[in-house]
Amino acid sequence: MNRVKHRPRRASFTPGRVRGMRAAATVALAYAAFAGPLACAADAQPIAIVIHGGAGVINRAEMSPEREARYRAGLEAARDAGYAVLERGGTSLEAVVAAVRLLEDDPMFNAGRGAVLNRDGDVELDASLMDGGTLRAGAVASLRHVKNPIELAKLVMEKSSHVMLVGAGAEEFALSQGLTLVPNDYFQTETRLRQLERAQKAASEKASGKQETSATQGPRSGIIGEAQPAQPRVAARASAHASTFAEIGATGTVGAVALDRNGHLAAATSTGGMTNKLPGRVGDSPIIGAGTYANDESCAVSATGDGEFFIRSVVAHDVCALVAYRQMPLARAAHQVIHEKIGGLKATGGVIALDRQGNIVMEFNSEGMFRAARDSRGRKDVAIYADR
Ligand code: ASP
């Protein structure tokens, strides 16, 4: 092989050359002083966190300025707690847990303390998280006593050989791991009790209206295997969806997605589910792929909305799959899933999502979504409605 040897060239230091070099060095130094920090910031791995406090009916007329200020303060505090973890070099997983934990402790949001009540007036909590770097995940459902379900989801991921634990078994595991267990009434608030009463009243009024209609259609058979007329079945499905109780915060969920200094993504979601749900009902939030998903190869997603529809549409994974398999930009993928797929089913909700480049997406088809974002490029915002 013909190797070219590099011989150091002799420099000739004439006075004119030295002057020229000095001038060039001064210009270079001045440029470095001015552009250096900007160039570094642009080159560095961005860090980012996005959080949500649920999507749904957020009617401005029903929202007092005080209430709105409390929502915004809660979102800001959770966003900044997660961002602080990222800023001091913590992992995206630690950041999403820090943010969600605060939202669980804030009675304004439907997760942890202040969660919605089920049909019997009890709180049942679901949560999950996923680490995009390792694809490890943890999930818990139907908890009645664990103060911070997201912490238990993390322990299931890290300290058990399983992905999901539910009910009494999950709470036994929580005890064995030294987590704080509290009586169910720790979670219950007066606001949620009133909300349950209104939901049950609305449901019984709807049911009595339906009874009158079906009485005019004649009796139907309840025997399994006996043919049912097609029309009433479709109507029953539509009315089950329409009966979702429409009031600020009657649904909702909290969640966070983050990108850390090492370029790893994570997602976390926690919820009390839906007001007046049947005891034992589990929504999309603790289902990996439906309510929560993270993969460094594509994106991190946390969802909120009509859980049954989000489960059937495998929303969080669907967004990431469009990014991974179709190379779709994250914003387009989220838009397609929320507006075409979920919207096409006449369901409502939204997602927050992040990719490794730090692209932030907050997409919803409902009136509003409690949300906030912050990143190392200078973005720092909180919003509730579509326009602010
Ligand atoms: N997705 C949640 C659930 O179905 C509720 C919500 O986000 O509004 O449990």
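Residues numbered from 1 in each chain as written. Predicted model: local features only at pLDDT ≥ 70, side-chain atom pairs only at ≥ 80, totals over all residues. Heavy atoms only, no water.

Comments concerning the pairing of strand 11 (residues 368-375)
In terms of residue burial, strand 11 counts as a mostly covered element, since eight of its eight residues are buried. A two-sided burial pattern is seen for strand 11, the buried positions comprising Gly368, Phe370, Ala372 and Arg374 on one face and Met369, Arg371, Ala373 and Asp375 on the other. Of the pairings in the sheet, the one linking strand 1 (residues 48-56) to strand 11 comprises seven bridges and is antiparallel in character. Counted as the bridge partner of His52 is Arg371 from strand 11. Bridge count for strand 11 against strand 12 (residues 380-385) is five bridges, and the pairing is antiparallel. Bridged to Ala373 within strand 12 is Asp381. (Buried < 20%, exposed > 50% of the residue type's maximum accessible area, 1.4 Å probe, protein only. Helix = DSSP H or I, 4+ residues; strand = E, 2+ residues; numbered from the N terminus. Pairing = 2+ DSSP bridges.)

Regarding a nonpolar patch on the surface
Taken together, the side chains of Val163, Met164 and Val166 present a nonpolar region at the surface, about 240 Å² in accessible area. In this fold, Met164 is placed in strand 4 (residues 164-166). Exposure remark for Met164: the relative accessible area of 34% places this residue in the partly exposed category. (Patch = residues over 30% accessible without salt bridge, like charges linked within 9 Å, V, L, I, M, F, W, Y side chains within 5 Å. Areas by Shrake-Rupley, 256 points an atom, 1.4 Å probe, with all protein chains shown as cover. Salt bridge = Lys/Arg side-chain N within 4 Å of Asp/Glu carboxyl O.)

Here's the deal with the pattern of salt bridges
Taken as a whole and judged by the stated rule, the model has 17 salt bridges. Here Glu190 makes a salt bridge to Arg194, at a shortest N to O gap of 2.2 Å. A residue pair is termed a helical-turn pair when its members lie 3 or 4 positions apart in one helix, as Glu190 and Arg194 do in helix 6 (residues 190-216) at four residues. For Arg194, a relative accessible area of 33% puts it in the partly exposed group. A salt bridge links Asp318 to Lys341; the nearest nitrogen and oxygen atoms lie 2.8 Å apart. You can see Asp318 sitting in helix 9 (residues 315-326) and its partner Lys341 sitting in helix 10 (residues 330-344), a full 23 residues away along the chain. Overall, Asp318 belongs to the partly exposed group, its relative accessible area being 21%. Using a relative accessible area of 32% as the deciding quantity, one classes Lys341 as partly exposed. The network of salt bridges with common partners includes Arg101, Asp105, Lys147 and Glu151.

Observations concerning the site of the ligand
Residues in close proximity to the ligand total 12 residues, the closest being Gly252, Thr253, Arg281, Asp284 and Gly305. Residue Gly305 places a main-chain N or O atom 2.8 Å away from a nitrogen atom belonging to the ligand. Here the ligand has 270 Å² of accessible area as a free molecule, and 99% of this is covered by the chains. Looking at the shell around the ligand residue by residue, the class counts come to no nonpolar, 10 polar and two charged. (Near = heavy atom within 4 Å. Polar contact = N/O pair within 3.5 Å; in protein donor to acceptor, adjacent residues only side chain to side chain. Nonpolar A, V, L, I, M, F, W, Y, C, P; charged D, E, K, R; others polar.)

Some thoughts on the sheet that holds strand 3 (residues 136-143)
With mixed pairing, the eight strands of this open sheet are ordered in space as 4-3-2-6-5-1-11-12. Looking at the sheet topology across the chains shown, the edges are occupied by strand 4 and strand 12. Going from strand to strand, the sheet's axes swing by 5 degrees on average, the running direction of each strand aside. Lying on the sheet, helix 2 (residues 65-87) is in contact with strand 1, strand 5 (254-259), strand 11 and strand 12; it crosses strand 12 at an angle near 145 degrees. (Axes fitted to C-alpha atoms, helices over the stretch in contact; angles between N-to-C directions. Contact = heavy atoms within 4.5 Å.)

Digging into the packing of aromatic side chains
We describe a pair of aromatic rings using the distance from one ring centre to the other and the angle between the two ring planes. One pass over the structure, following the stated rule, counts four aromatic pairs. On the basis of an interplanar angle of 70 degrees and a centroid distance of 5.6 Å, the ring pair of Tyr71 and Phe109 is categorised as edge-to-face. You can see Tyr71 sitting in helix 2 and its partner Phe109 sitting in the loop between helix 3 (92-105) and strand 2 (125-131), a full 38 residues away along the chain. Overall, Tyr71 belongs to the buried group, its relative accessible area being 3%. Judged by its relative accessible area of 1%, Phe109 falls in the buried class. Note on Tyr186 and Phe187: the rings are 5.1 Å apart at their centroids and 75 degrees apart in plane angle, and the pair reads as edge-to-face. Since its relative accessible area comes to 0%, Phe187 is described here as buried. (Phe/Tyr/Trp six-rings, centres within 6.5 Å; stacked < 30°, edge-to-face > 60°.)

Re the side chain of Lys277
By the element assignment, Lys277 lies in the loop between strand 6 (265-271) and strand 7 (292-294). No salt bridge forms around the buried Lys277; measuring N to O, its nearest opposite-charge neighbour Glu124 is 4.6 Å away. Reaching out from Lys277, the side chain makes a polar contact with the backbone oxygen of Gly272 at a distance of 2.8 Å. Here Lys277 is in contact with Leu117, Asn118, Arg119, Glu124 and Gly272, once residues within four sequence places are set aside. (Lys, Arg positive; Asp, Glu negative; His and termini not counted.)

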